[in-house]
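Close look at the chain arrangement
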Amino acid sequence: MRSKNLICAILGFLTLLLAAYFGASIYNAQATHLIQHLEEIENVQHYAIDLVPYLNYQAAVFTLPFLLITFFLEIYIRLKSQIKQVKNIALGLIVALLIVIVIAILTLLNPTHYDFSKWGYVWLTISILVVAGNLISVFVKGNKPQ
């Protein structure tokens, strides 16, 4: 089971990196469109503000496979683990992943409304929880159920 937990932690970390990249890119595209002429002088390049809905969509598309794989691995861990504490951690992570998967699907359906520069914090928080929860599960000895 520990190898599955490490895989989930790695997938959570990759999701964290993607969410941070897209969140920062979208935030910069929205925040700097008024001073774009100053940034052109300094050769600072950001995405155009017109691309924000497309970037929102891309963020959801790129992170959703990692979220789904992690979700199903957590279900597998929940079902197959013999340690009660690991089962409880997996259940909490399943609920957290379900929340972010729903938001990802809503972002895919309406990328203009679900702005990733704001909703991306959900991705970041859940990803940190997935990494931490799975790393804790690796080291838990716990009580086996009777």
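Report on the accompanying structure.

Cut-off values and rules
Residues numbered from 1 in each chain as written. Predicted model: local features only at pLDDT ≥ 70, side-chain atom pairs only at ≥ 80, totals over all residues. Heavy atoms only, no water. Helix = DSSP H or I, 4+ residues; strand = E, 2+ residues; numbered from the N terminus. Buried < 20%, exposed > 50% of the residue type's maximum accessible area, 1.4 Å probe, protein only. Areas by Shrake-Rupley, 256 points an atom, 1.4 Å probe, with all protein chains shown as cover. Axes fitted to C-alpha atoms, helices over the stretch in contact; angles between N-to-C directions. Parallel < 35°, antiparallel > 145°, perpendicular 65-115°, else oblique. Left-handed = near helix turned anticlockwise from the far one by under 90°. Contact = heavy atoms within 4.5 Å. Nonpolar A, V, L, I, M, F, W, Y, C, P; charged D, E, K, R; others polar.

Let us now look at the overall build of the protein. Each helix and strand counted, the protein has five helices and zero strands in total. From first element to last, N terminus to C terminus, the protein shows the α and β order α-α-α-α-α. Relative to its 146 residues, the protein shows a buried fraction of 40%. With an accessible surface of roughly 8,500 Å², the protein has 69% of that area assigned to carbon and sulfur atoms.

On to the packing of helix H3 (residues 52-80) against helix H5 (residues 116-139), then. Across the interface, H3 lies against H5 with an axial gap of 12 Å and an inter-helix angle of 25 degrees. Between H3 and H5, the angle falls in the class roughly parallel. Judged by the sense of rotation from one axis to the other, the crossing of H3 with H5 is left-handed. Taken together, the residues of H5 that come into contact with H3 (itself represented by Asn56, Ala59, Thr63, Leu67, Thr70, Glu74 and Ile77) are Phe116, Trp123, Val130 and Asn134. Its residues assigned to classes, the contact of H3 with H5 shows six nonpolar, four polar and one charged.

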